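# Overview (structure and organization)
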Amino acid sequence: MRTCTRLLTLAAALLIAAPAYAQLPPPPGPSGPDTFIAVTISPLHLIGGIVEGQFEFAVMPQVSIAGILGGGSVTDGSGDLQTTTTVIEIGGQGRYYVTGHFDSGVHAGVEALFVSASASGSSPDVKVEATGGGISAGGFVGYKHTFAVGLVLEAQLGYAWTTIDASATATDGTNSASAAASSTKTMPLLNLNAGWSF
């Protein structure tokens with residue numbers, strides 16, 4: 001009789017405890033990104049007098065899209081010819097984070113960029129006007145890291161197909177000459193960016 005009572009008590013205890021075990025939370029999965037927006041600039045462009053900014057937005061933890069906007073004006077006073085060149089850039093990227101997620105990880109993606117440039121120059125004897133435009137499209141691999149304070153550093157390396165059309169006119173006040181050229185080629189793609197993530 002005691003054995004039977006013990007068995008019934010044990011069975012009752014197990015039945016009461018079973019729902020508690022069934023309600024345990026599942027083990028935590030991999031954590032997602034802490035930020036969803038990154039705003040960066042290109043220090044390499046700043047060296048050349050151009051400001052290029054990038055706005056990246058996380059569509060999903062491992063997928064993002066980015067808009068690229070840049071521009072600036074550079075004046076060269078060396079030599080007899082004084083020239084001023086103005087550049088405008090508009091483009092975008094699509095990325096997939098192969099490891100990690102939006103905050104930090106290795107990513108692969110595609111980039112398309114449109115560039116427009118105009119230049120004017122003059123000397124005591126001649127005046128020059130030039131315009132040009134180009135499209136670049138290619139793929140890349142890169143690495144991005146977001147530090148705890150929000151600082152973002154990233155590097156990308158790839159290859160891009162580029163087409164450029166340009167024309168120029170020169171005049172000395174009496175005579176003028178013009179020329180046009182176009183070029184299509186592939187070239188390396190290098191992006192180094194730094195900024196902040198939110």
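Source: prediction; values computed, not measured.

Another point: the layout of surface pockets. Volume-wise, the largest pocket comes out at about 610 Å³. Together, 27 residues line the largest pocket, and His45, Glu89, Leu113, Val115 and Ser136 are the ones closest to its centre. Of all the secondary-structure elements, those providing two or more residues to the lining of the largest pocket are helix H2 (43–47), strand E2 (51–60), strand E4 (82–97), strand E5 (105–122), strand E6 (127–146), strand E7 (151–171) and strand E8 (176–197). The class makeup of the residues in the lining of the largest pocket is 13 nonpolar, eleven polar and three charged.

Taken together, the 16 bridges between E4 and E5 define a ladder with antiparallel strand orientation. Its bridge partner lying in E5, isoleucine 90 is registered against phenylalanine 114. Two strands pair when backbone bridges link them, and E5 and E6 are joined in this way by 18 bridges, in the antiparallel orientation. What sits directly across from serine 122, in E6, is lysine 127. From the end of E5 to the start of E6, which pair antiparallel, there are four residues.

The tally for this structure, following the rule as stated, stands at three salt bridges. Of the charged contacts, one joins arginine 95 and glutamate 154 as a salt bridge, the two residues approaching to 2.8 Å between their closest N and O atoms. Placement of the pair is arginine 95 in strand E4 and glutamate 154 in strand E7, with a sequence separation of 59 residues. For arginine 95, a relative accessible area of 3% corresponds to the buried category. Connected through shared salt-bridge partners, Glu56, Arg95, Lys144 and Glu154 make up one network.

Definitions and cut-offs
Residues numbered from 1 in each chain as written. Predicted model: local features only at pLDDT ≥ 70, side-chain atom pairs only at ≥ 80, totals over all residues. Heavy atoms only, no water. 1 Å grid on protein atoms, 1.4 Å probe; cavity = no way out; pocket = protein on both sides within 12 Å on 5 of 7 lines; lining within 4 Å. Points joined across faces, edges and corners; volume = space filled by probe spheres on them. Helix = DSSP H or I, 4+ residues; strand = E, 2+ residues; numbered from the N terminus. Nonpolar A, V, L, I, M, F, W, Y, C, P; charged D, E, K, R; others polar. Pairing = 2+ DSSP bridges. Salt bridge = Lys/Arg side-chain N within 4 Å of Asp/Glu carboxyl O. Buried < 20%, exposed > 50% of the residue type's maximum accessible area, 1.4 Å probe, protein only.

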